[in-house]
Amino acid sequence: MSNNPAAITAVQGTAIPLPGNDVDTDRIIPARYLRSVTFEGLGAEVFKDERFNDEGSPKSHPFNEEKYAGAAILIVGRNFGCGSSREHAPQAIMRFGIKAIIGESFGEIFAGNCTSIGIPACTADEQTIDELQKLVQNNPQLNFDLDLEAQTLSSEEKSVAVDISPAAKTALLAGTWNTLDELLQNEAVIEEVHQRLPSFV
Amino acid sequence: MGKNLFNKVWDLHKVASLSETRDQLFIGLHLVHEVTSPQAFQALRERGLPVKYPQRTVSTVDHIVPTQNQLIRPYRDDLAEQMLQAIEQNTSDFGLRFYGLDSDSQGIVHIIGPENGFTQPGITIACGDSHTSTHGAFGALAFGIGTSQVRDVLATQTLAFERLQVKKIDVAGSCPDGIFAKDIILRIIADLGVMGGLGYAYEFAGPVIHGLSMEERMTVCNMSIEGGARAGYVNPDQTTFDYLEGRPFSPKGEKFTEAVAHWQAMASDPDADYDDVYQLDATSMSPMVTWGITPGQGIGVDQNMPRLSEVDETEVEITQKAYEHMGFDEGQKIEGQKIDVAFIGSCTNGRISDFRAAAEVVKGRKVASHVKALAVPGSRKVKLQAEEEGLDRIFTEAGFEWREAGCSMCLAMNPDKLVGRQLSASSSNRNFIGRQGSSTGRTMLMSPAMVAAAAVEGAVADVRNLI
Ligand code: SF4
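Keep in mind the model is a prediction, meaning the values are calculated, not measured.

Undergrad: What am I meant to see in the overall build of chain A here?
TA: Within chain A, the secondary structure is distributed over 8 helices and 8 strands. For 201 residues, the compact-globule estimate of 2.2 N^0.38 gives 17 Å, and chain A sits close to it at 18 Å. Taken over the C-alpha atoms alone, chain A extends approximately 60 × 45 × 30 Å along its principal axes. Burial status across chain A gives 55% buried among its 201 residues. For chain A, the proportion of contacts with a sequence separation of at least 24, taken over those separated by at least 6, is 67%.

Undergrad: Can you walk me through the nonpolar core in this structure?
TA: Inside soluble globular proteins, nonpolar side chains tend to come together where they are buried. Counting 156 residues, the largest nonpolar core has Ile73(A), Leu74(A), Phe80(A), Ile101(A), Phe143(B), Phe395(B) and Met444(B) as its most contacted members. By residue number, the principal contributor to this core is helix H16 (residues 448-457) of chain B, which donates 8 residues. Here Ile73(A) is in contact with Val11(A), Gly13(A), Thr14(A), Ala15(A), Ile16(A), Ile98(A), Ala100(A), Ile102(A), Phe144(A) and Leu153(A), once residues within four sequence places are set aside. Residues Ile179(B), Ile185(B), Leu212(B) and Ala259(B) belong to the second largest nonpolar core, which totals 36 residues.

Undergrad: What am I meant to see in the domain arrangement of chain B here?
TA: How large an interface is tends to be reported as the accessible area lost when its parts come together. All names here are of chain B. The domains assigned to chain B are domain 1 (5-162), domain 2 (165-235 + 264-284) and domain 3 (288-465). With centres defined by C-alpha atoms, the gap from domain 2 to domain 3 works out at 22 Å. Taking both sides of the interface into account, the surface hidden between domain 2 and domain 3 amounts to around 1,600 Å²; carbon and sulfur atoms contribute 60%. Contact with domain 3 buries area across many residues of domain 2, yet Lys182, Leu186 and Glu215 alone supply 31% of it, more than any other trio. At the junction of domain 2 with domain 3, the criterion picks out 1 salt bridge. Here Glu226 makes a salt bridge to Arg430, at a shortest N to O gap of 2.7 Å. Counting across the domain 2 and domain 3 interface gives 11 residue pairs in polar contact (both at pLDDT 80 or more). Broken down by secondary-structure element, the contributors of at least two residues to the side of domain 2 that touches domain 3 are helix H6 (181-192) and helix H8 (214-222). With 6 residues, H6 is the single largest residue contributor to the side of domain 2 that touches domain 3. The class makeup of the residues in the side of domain 2 that touches domain 3 is 8 nonpolar, 3 polar and 6 charged.

Undergrad: Explain the site of the ligand to me, please; I cannot follow it from the model alone.
TA: All names here are of chain B. Lining the immediate environment of the ligand, one finds His63, Ile108, His110, Asp129, His131, Ser346, Cys347, Cys407, Cys410, Leu411, Asn429 and Arg435. Tallied by class, residues from the shell around the ligand come to 5 nonpolar, 5 polar and 2 charged. If you count residues domain by domain, the shell around the ligand takes at least three from each of domain 1 (5-162) and domain 3 (288-465).

Undergrad: How should the packing of helix H13 (residues 352-362) of chain B against helix H15 (residues 391-398) of chain B be read in this particular structure?
TA: For any two helices packed against each other, the geometry is given by the interaxial angle and the distance between the axes. Residue and element names in this part refer to chain B. Relative to each other, H13 and H15 sit at 45 degrees, their axes nearing to 10 Å. Viewed along their axes, H13 and H15 adopt a mutual orientation that is oblique. The interaxial crossing formed by H13 with H15 has left-handed handedness. Across the interface between the two elements, Ile352, Phe355, Arg356, Ala358, Ala359 and Val362 from H13 touch Leu391, Ile394, Phe395 and Ala398 from H15. Taken together, the residues of the contact of H13 with H15 sort by class into 9 nonpolar, no polar and 1 charged.

Undergrad: Would you explain the confidence of the model for chain B in this entry?
TA: The predicted coordinates should not be examined in detail at positions where pLDDT is low. Overall, the predicted model of chain B reaches an average pLDDT of 97, with 100% of residues at or above 70. Taken together, the chains of this predicted complex give a pTM of 0.96 and an interface ipTM of 0.93.

Undergrad: Help me out: how do you make sense of the packing of helix H1 (residues 5-13) of chain B against helix H10 (residues 253-266) of chain B in this one?
TA: All names here are of chain B. Relative to each other, H1 and H10 sit at 120 degrees, their axes nearing to 9 Å. Judged on the interaxial angle alone, H10 and H1 are oblique. For the pair H1 and H10, the contacting residues are Leu5, Lys8, Val9 and Leu12 in the first and His262, Ala265 and Met266 in the second. Residue classes in the contact of H1 with H10 are distributed as 5 nonpolar, 1 polar and 1 charged.

Undergrad: Before we go on, may I ask you to explain the interface of chain B and chain A in this structure?
TA: Contact with chain B, which involves 71 residues of that partner, is made by 56 residues of chain A. Interface area for chain B against chain A, summed over the two sides, is near 5,500 Å², with a carbon-plus-sulfur share of 57%. On inspection of chain B and its partner chain A, the count reaches 4 salt bridges. Along the contact surface separating chain B from chain A lie 25 residue pairs in polar contact (both at pLDDT 80 or more). Of all the secondary structure elements, the ones that give two or more residues to the side of chain B that touches chain A are H1, strand S1 (14-17), strand S2 (22-26), helix H2 (38-47), helix H3 (78-93), helix H5 (147-156), strand S8 (158-162) and helix H11 (316-326) of chain B. Counting residues per element, the side of chain B that touches chain A draws most heavily on H5(B), which supplies 7 residues. Partitioned by chemical class, the residues of the side of chain B that touches chain A number 31 nonpolar, 24 polar and 16 charged.

Undergrad: When you look at the sheet that holds strand S16 (residues 372-375) of chain B in this model, what are you seeing that I'm missing?
TA: Where strands meet in a sheet, backbone hydrogen bonds hold them as pairs that are either parallel or antiparallel. All names here are of chain B. On the basis of which strands lie adjacent, the open sheet formed by 5 strands has the order S17-S16-S15-S18-S19 and parallel pairing. Unpaired on one side and paired on the other, strand S17 (401-402) and strand S19 (442-445) mark the two borders of the sheet. Looking at chain direction, strand S15 (residues 341-344) and strand S18 (residues 423-426) are connected through 3 bridges and run parallel. Paired with Phe343 across the bridge in S18 is Ser426.

Undergrad: How should the side chain of Thr156(B) be read in this particular structure?
TA: All names here are of chain B. By secondary structure assignment, the location of Thr156 is in helix H5. Among the polar contacts made by the side chain of Thr156, one reaches the main-chain carbonyl oxygen of Asp152 at a distance of 2.7 Å. Engagement of the side chain of Thr156 in a polar contact is seen with the side chain of Thr158, the distance being 2.7 Å.

Undergrad: Hey, could you run me through H16(B) in this one?
TA: One full turn of an α-helix is made of 3.6 residues, so residues set three or four places apart face in the same direction. All names here are of chain B. Along H16, 9 of the 10 residues are buried, which leaves the element largely enclosed by surrounding structure. When we look at burial in H16, the residues that qualify are Pro448, Ala449, Met450, Val451, Ala452, Ala453, Ala454, Ala455 and Val456. Looking at the buried residues of H16, the elements they touch are strand S13 (288-290), S15, helix H12 (346-349), H13 and S18. A positive phi of about 75 degrees marks Gly458, the residue just after H16.

Undergrad: Can you walk me through the pairing of strand S6 (residues 124-127) of chain B in this structure?
TA: Regular strands place their side chains on alternate faces of the sheet. Residue and element names in this part refer to chain B. Burial along S6 is two-sided: Thr124 and Ala126 and Ile125 and Cys127, pointing in opposite directions, are all buried. In the sheet, S6 pairs with strand S7 (residues 141-144) via 4 bridges, with the strands oriented parallel. From the neighbouring strand, Ala126 faces S7, where its bridge partner is Phe143.

What counts and what doesn't
- Every chain is numbered on its own, with residues counted from 1 as its sequence reads.
- To read the labels, note that chains go from A and ligands from 1, taken in the order they are written.
- Since the coordinates come from a predicted model, pLDDT governs what is reported: local features require at least 70, and pairs of side-chain atoms require 80 or more to be given and counted, while whole-chain, interface and lining totals use all residues.
- To get the side-chain values, take all heavy atoms of the structure and skip hydrogens and water.
- Elements are defined by DSSP. Helices are runs of H or I of four residues or more, strands are runs of E of two residues or more, and each kind is numbered from the N terminus.
- Atoms considered for the radius of gyration are the C-alpha atoms alone. The globule rule reads 2.2 Å times the number of residues to the power 0.38.
- Relative accessibility decides the category of a residue: with a 1.4 Å probe and only protein chains considered, values under 20% of the type maximum give buried, values over 50% give exposed, and everything between is partly exposed.
- Whether two residues are in contact is decided by their heavy atoms, any of which lying within 4.5 Å being enough.
- Think of a nonpolar core as a cluster: buried Ala, Val, Leu, Ile, Met, Phe, Trp, Tyr and Cys residues, connected wherever their side-chain atoms sit within 4.5 Å.
- Note that the domain bounds reflect an automated or database-derived domain assignment.
- Note on terms: buried area is the combined drop in 1.4 Å-probe accessible area of two parts once they are placed together, counting the loss on both.
- For this analysis, a salt bridge means a side-chain nitrogen from Lys or Arg found within 4 Å of a carboxyl oxygen belonging to Asp or Glu.
- For the purposes of these results, a polar contact is taken to be a pair of N or O atoms within 3.5 Å, where, inside protein, one atom must be able to donate a hydrogen and its partner to accept one; residues adjacent in sequence count only when each atom of the pair is a side-chain atom.
- Residue type decides the class: Asp, Glu, Lys and Arg count as charged, Ala, Val, Leu, Ile, Met, Phe, Trp, Tyr, Cys and Pro as nonpolar, and the leftover types, Gly among them, as polar.
- Residues are classed as near a molecule or strand on a simple rule: at least one heavy atom within 4 Å of it.
- Between N-to-C directions, angles span 0 to 180 degrees; the directions come from axes that are lines fitted to C-alpha atoms, helices contributing only their stretch in contact.
- Comment on the angle field: the value is read as roughly parallel under 35 degrees, roughly antiparallel over 145, roughly perpendicular from 65 to 115, and oblique elsewhere.
- By definition, turning the near helix anticlockwise from the far helix through less than a right angle yields a left-handed crossing, and turning it clockwise yields a right-handed one.
- You can read pLDDT as the predictor saying how much it trusts each residue, on a scale of 0 to 100.
- Two strands qualify as a pair provided DSSP detects at least 2 bridges between them.

Structure follows, in structure tokens:
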């Protein structure tokens, strides 16, 4: 195991289920909340249009429910985070308090963005997701332990296998999910490639 | 076995292997806009890092600019004004090329790259915007990235990335009248689904694709992302070279001849290997319209909306949700659905050929009295060209509003928005709930000519009856 302080090997906590498929990034964070030069405050806007009506009164939505308050693990369906490349989407989810997402599948850029900010985005099959969501709905206080090395999500009730892309797993476990330092290292080769490729001066 | 363009370009730009599956990839051209970049510039400031190769970055402002009174500052929307000031400041502090409000080259980032000749075959391109796939039309590998990656490209001109698989999409037959590039890509997404491209780059090939103009190829590649693919491209050919010759940043003279030889060599070999192939015949296609809330929910204008009993089991839930939101009934006809708004523009269909095609339908006709119709050029150059050809008058005489360049009603980060449950016929790329600025608003995607037809008929109409 890496001794890099940035390494992410496990996530523990209660979970929050978000049933439904094809939840796109416009639903996760509507475009009007992108009008900002920082990511701060985005946690309050996550799923804004689904959680509040036009007058600002709360609607029925898992993210509004007291029983799921403080959850660290989000459980979603198929093709979650499809749509735009806005990192605001995983940023908003993270700033709401989520530290890991388990879903049937993810939009590709969304999954990459999750990794870049240190959020494991793991997958499991439809039946497993369904069972997990029901389990949490019936017992919101249930604690889970996501073990990235072993690729398991366990609780007192059950333990299931989850999948994660090898690149994301390596980066999270090694603490290199913030790619900048790693990329800065190969300066000489970068310069070589720059020299041999056409430029636009 | 030969090599496809994707792998040739990847290998040419590979800096190092970072892990078993991840490479460090050099990015030849970085496109920057105001929405996804401020936090990235901030990260560079915090680390005291410069932009590695400023000459490889091109920036503009497109998402938040109003399309009326664009030059009147400060903007009434404080947040928009703040973002505009941030990109002005950031590009000036870091010494980057910036096509701002004082430039004739301002416009949607995916339109100005190609029209200025920055977008070239065989290069890698990244931009903090998913529709970066547009640039693949030239045979470039073009990726939409998140803000942390924008930071990486600014600071190192490289990305940590996994190599994609390549799915060849071979479009055979011929394109009937009234069928446009938009119809082809909507059909591909309807066929393969919004997840069909996961893990893939799409190589669009075959006689129909190579018969398309560069602008039409951009429309096809633009929406690769709606099909779940991370990138899409077309192999460069004579059409590509003809488009690029004489553009401000294309190579000139002898250099151009050399460049063409290099570009030709980057194209997929005739015996290239693919991870998957999909074949489609365009001959019997109808103009496409989306009736639902994902870009995959598209049907021919002469078809009926699907019944729940007919759709695949995995599609039942999203189909139900779509009917709930759109307020349509199962099995209903799409043709004749009354619209409230018509929007022609965006990086999918905001280029000169799009306005020409729409003007042909609009000419001599009037926009239905209950319809609000917007024609929004994708760039200042497109706007000027259209005005030179008199297209703006055709639109305004018919009752369209002719606006200034920007993303406009494609995503409503600016004043152009749907109101309430308005139903919009849009030439843009996403029909997600809330996309056009109202959480109850409804979007139907179609080609610009089909939007024009819907505007004059006041309802979804088959453009083939109007041309
Ligand atoms: S036109 Fe629409 S899709 Fe294109 S860059 Fe602008 S907001 Fe994004």
